[in-house]
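# Tertiary structure, described
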Protein chains: 2
Amino acid sequence: MAEQIAGNTRAQAQRSPEELVLIGYLSQIGSISDAEFDQIFKLIKVRSYKKGKYLVREGGPGDTCYFVLRGCVRQFYIVDGIEKTTAFYTEGMPVSATFVYDNQASKFFLICNEDTMLIEGKAEDEKKFFAQMPRMEMLSRVGVEKELQKSHEKMADFIIKSPEERYLNLLETRPDLLDRVPQYQLASFLGVTPESLSRIRKRIMVNAR
Amino acid sequence: MAEQIAGNTRAQAQRSPEELVLIGYLSQIGSISDAEFDQIFKLIKVRSYKKGKYLVREGGPGDTCYFVLRGCVRQFYIVDGIEKTTAFYTEGMPVSATFVYDNQASKFFLICNEDTMLIEGKAEDEKKFFAQMPRMEMLSRVGVEKELQKSHEKMADFIIKSPEERYLNLLETRPDLLDRVPQYQLASFLGVTPESLSRIRKRIMVNAR
């Protein structure tokens, strides 16, 4: 992406799909000029990883933040030897659970579920970034507040909805996940067994006829 | 609280219990001087409410942020006519799910479960606050990031733990809740029926003998 951003300020039509993912995300938070986007793209670090790459392992350091430009990152825990998937991060999503304060070791794994392109940043990168673009600190706070709101809503959904309602909700809000994620991971994410998920899907198909 | 903060900078020993709650919370995020705390206490709005007061209602505006100095705020949804409790906010906790962006109506209720003392702020108060104390914007971002991390961990707990494990976790991390919250609300919060919670408690008591 670096070579694409050299030179003058560029209109949105000239941006790459990955740049548009970040622009789309940031534009929801606040108004950012093309010149500011150029500066942002100069400051961020973009990395590409193959499917199967571990970004974080249980017990390892959790000192890096990620934002998904392309692909899918899966978060999971290992409980009694069994993988429990707790999140899928896809295009336009900050992988917001990774920053570990107080130097704790990570309790979970993060793996690239597909070939994935990410923005990566450690605390010191973030510090430098905000020093160069102080207005982004405010936007970042608002962005994190929105993520927190979403996280609370997801939590509430888990308490108030049945697995079937959660599946229907996913069908509505993240239909792409159903095609790009193996069933056993999706079942785990919904808090049910693969057999239960299979029954839920059948029931929904019958009702939809 | 206002009259207590007039005059000179005050040492921690002279602070009220409620002031110490906020000092304790902010000190976990970053280093703040006594003079800065004085300024903070001059800028914030503190309100007291009686038990039973609704702060937010389903369908109403969600334009105010809260931080609990004393008491307990409960978040619940009404699903098919039944209350589903999704959070308890007690001393030292920001009620972080309240800020609704894009002028959406609130999907849930917030009620004071006890006589409660809160810091209250609307978006414009926050703006004024950060204009007067710019360093707090950064600390606020870090604070919200920590809240987000906690929220993700809670979410993961809900996926990976059984109701009994969640109850044991609560016993360890928030033992005060068990005494100050009615059983049916606690059961709802744990995602089980009151009867299941009762069985879980009996099982744990038998195992503890």
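You'll find the structure just up there.
Here's a quick rundown of the structure. Worth saying up front: this structure is predicted, and the values here are computed from it rather than measured.

Rules behind the numbers
Residues numbered from 1 in each chain as written. Chains lettered and ligands numbered in written order. Predicted model: local features only at pLDDT ≥ 70, side-chain atom pairs only at ≥ 80, totals over all residues. Heavy atoms only, no water. Least-squares fit on C-alpha atoms with pLDDT ≥ 70 in both. Contact = heavy atoms within 4.5 Å. Salt bridge = Lys/Arg side-chain N within 4 Å of Asp/Glu carboxyl O. Polar contact = N/O pair within 3.5 Å; in protein donor to acceptor, adjacent residues only side chain to side chain. Helix = DSSP H or I, 4+ residues; strand = E, 2+ residues; numbered from the N terminus. Nonpolar A, V, L, I, M, F, W, Y, C, P; charged D, E, K, R; others polar. Buried < 20%, exposed > 50% of the residue type's maximum accessible area, 1.4 Å probe, protein only. Phe/Tyr/Trp six-rings, centres within 6.5 Å; stacked < 30°, edge-to-face > 60°. Lys NZ or Arg CZ within 6 Å of the ring centre and 35° of its normal. Core = buried A, V, L, I, M, F, W, Y, C linked by side-chain atoms within 4.5 Å. Pairing = 2+ DSSP bridges. Axes fitted to C-alpha atoms, helices over the stretch in contact; angles between N-to-C directions.

### Observations regarding the relation of the copies chain B and chain A
Of the two same-sequence chains, chain B is brought onto chain A (RMSD 0.0 Å, axial shift 0.0 Å) by a rotation of 180 degrees. Here the copies are linked by what is in effect a two-fold axis. By residue overlap, the copies meet face to face through one surface: 100% of the interface positions of chain B are interface positions in chain A.

### Section: the interface of chain B and chain A
Listed per partner, the contact involves 38 residues of chain B and 38 residues of chain A. A salt bridge links Arg-141 of chain A to Glu-126 of chain B, with the nearest nitrogen and oxygen atoms 3.2 Å apart. Joining chain B to chain A, the criterion identifies five residue pairs in polar contact (both at pLDDT 80 or more). Counting only elements with at least two residues in the side of chain B that touches chain A, the list comes to strand S4 (72–79), strand S5 (82–90), helix H4 (123–132), helix H5 (135–160) and helix H8 (183–190) of chain B. The leading source of residues in the side of chain B that touches chain A is H5 of chain B, at 20 residues. Partitioning the side of chain B that touches chain A into residue classes produces 18 nonpolar, nine polar and eleven charged.

### Points about unusual backbone geometry
As a rule of thumb, non-glycine residues mostly have phi less than zero, and peptide bonds are mostly trans rather than cis. All names here are of chain A. Phi is positive for Asp-80, close to 50 degrees, though the residue is something other than glycine. Along the chain, Asp-80 falls in the loop between strand S4 (72–79) and strand S5 (82–90). Classification of Asp-80 as exposed rests on a relative accessible area of 74%.

### Focus: the packing of aromatic side chains
All names here are of chain A. Applying the stated criterion across every chain, the model contains 17 aromatic pairs over all chains. What links up through ring pairs into an aromatic cluster is the set Tyr-54, Phe-76 and Phe-109. The ring centre of Tyr-54 lies 4.1 Å from the NZ or CZ of Arg-57, which sits over that ring.

### Here we look at the nonpolar core
By size, the foremost hydrophobic cluster in this structure holds 53 residues, and its most contacted members are Leu-55, Leu-110, Tyr-167 and Leu-186 of chain A together with Leu-55 and Leu-110 of chain B. Those residues in contact with Leu-55 of chain B that lie beyond four places of it in its chain are Tyr-49, Tyr-66, Val-73, Leu-110, Cys-112 and Leu-118 of chain B.

### Quick word on the environment of Asp-157 of chain B
All names here are of chain B. As for its placement among the helices and strands, Asp-157 is situated in helix H5. Put simply, Asp-157 and Asn-169 are twelve residues apart on the chain and 9.2 Å apart in space, counted from C-alpha to C-alpha. Those residues in contact with Asp-157, other than ones at most four positions away along the chain, are Arg-166 and Asn-169. Looking at Asp-157, its side chain comes within polar contact range of the side chain of Asn-169, at 3.1 Å.

### Things to note about the sheet that holds strand S8 (residues 116–122) of chain A
Residues and elements named next belong to chain A. Ordered in space as S1-S8-S3-S6, the four strands form an open sheet in which the pairing is antiparallel. Lying at the two open borders of the sheet, with one neighbouring strand each, are strand S1 (45–49) and strand S6 (94–95). Two strands pair when backbone bridges link them, and strand S3 (residues 64–70) and S8 are joined in this way by six bridges, in the antiparallel orientation. Residue pairing for S8: Val-68 is matched across the bridge by Leu-118. Helix-sheet contacts for helix H3 (residues 123–132) involve S1 and S8, and the interaxial angle to S8 is about 80 degrees.

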